[in-house]
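# Analysis of the macromolecular model
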Amino acid sequence: MHIITINFEPVELFKILKFESIVGSGGEAKKRIGEGLVKVNGDVETRKSRKMVAGDTIEFEKRHYELKLA
């Protein structure tokens, strides 16, 4: 599992995917989330602006990420 360090809470899901270069752009992040291809804490998440906090996990394309607060 990869660790993503965030500096503040909450952070919108699509911004994490974009700024961590998990996807190529914010538009792509929103598209992938809307298509149901992203899981948060084990459940499919379709809300692009889902508020993420430390301890949340993200799964995308068989990769797992956990958020930690800096």
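The structure this text deals with has already been given above.
In this report, we go over the structure that sits alongside the text.

What counts, and where the lines are drawn
- Residues numbered from 1 in each chain as written.
- Predicted model: local features only at pLDDT ≥ 70, side-chain atom pairs only at ≥ 80, totals over all residues.
- Heavy atoms only, no water.
- Salt bridge = Lys/Arg side-chain N within 4 Å of Asp/Glu carboxyl O.
- Helix = DSSP H or I, 4+ residues; strand = E, 2+ residues; numbered from the N terminus.
- Buried < 20%, exposed > 50% of the residue type's maximum accessible area, 1.4 Å probe, protein only.
- Core = buried A, V, L, I, M, F, W, Y, C linked by side-chain atoms within 4.5 Å.
- Pairing = 2+ DSSP bridges.

### Overview of the pattern of salt bridges
Within the structure shown, the criterion is met by nine salt bridges. Note that Lys51 is salt-bridged to Glu12, the shortest N-O span being 3.3 Å. Of the two residues, Lys51 sits in strand β5 (residues 51-52) while Glu12 sits in strand β2 (residues 11-12), which places them 39 residues apart along the sequence. Residue classification places Lys51 among the partly exposed residues on the basis of a relative accessible area of 46%. Of the charged contacts, one joins Lys31 and Glu35 as a salt bridge, the two residues approaching to 4.0 Å between their closest N and O atoms. Judged by relative accessible area, Lys31 falls into the partly exposed class, the value being 48%. Residue Glu35 is classed as partly exposed on the basis of its relative accessible area of 41%. Beyond isolated ion pairs, a larger network of salt bridges with shared partners links Glu28, Lys31, Arg32 and Glu35.

### Focus: the nonpolar core
With 18 residues, the main nonpolar core has Ile4, Leu13, Ile16, Leu17, Val38, Met52 and Ile58 as its most contacted residues. Broken down by secondary-structure element, the contributors of at least two residues to this core are β1 (2-6), α1 (13-19), α2 (26-34), β3 (38-40), β6 (57-60) and β7 (63-69). With four residues, the top contributor of residues to this core is α1.

### Considerations on the sheet that holds β7
The five strands lie next to each other as β1-β7-β6-β3-β4, forming an open sheet whose pairing is mixed. Where the open sheet ends on each side, the last strands, each with one partner, are β1 and β4 (43-44). Pairing geometry for β1 and β7, over five bridges, is parallel. Considered in β7, the bridge of Ile4 is made with Leu67.

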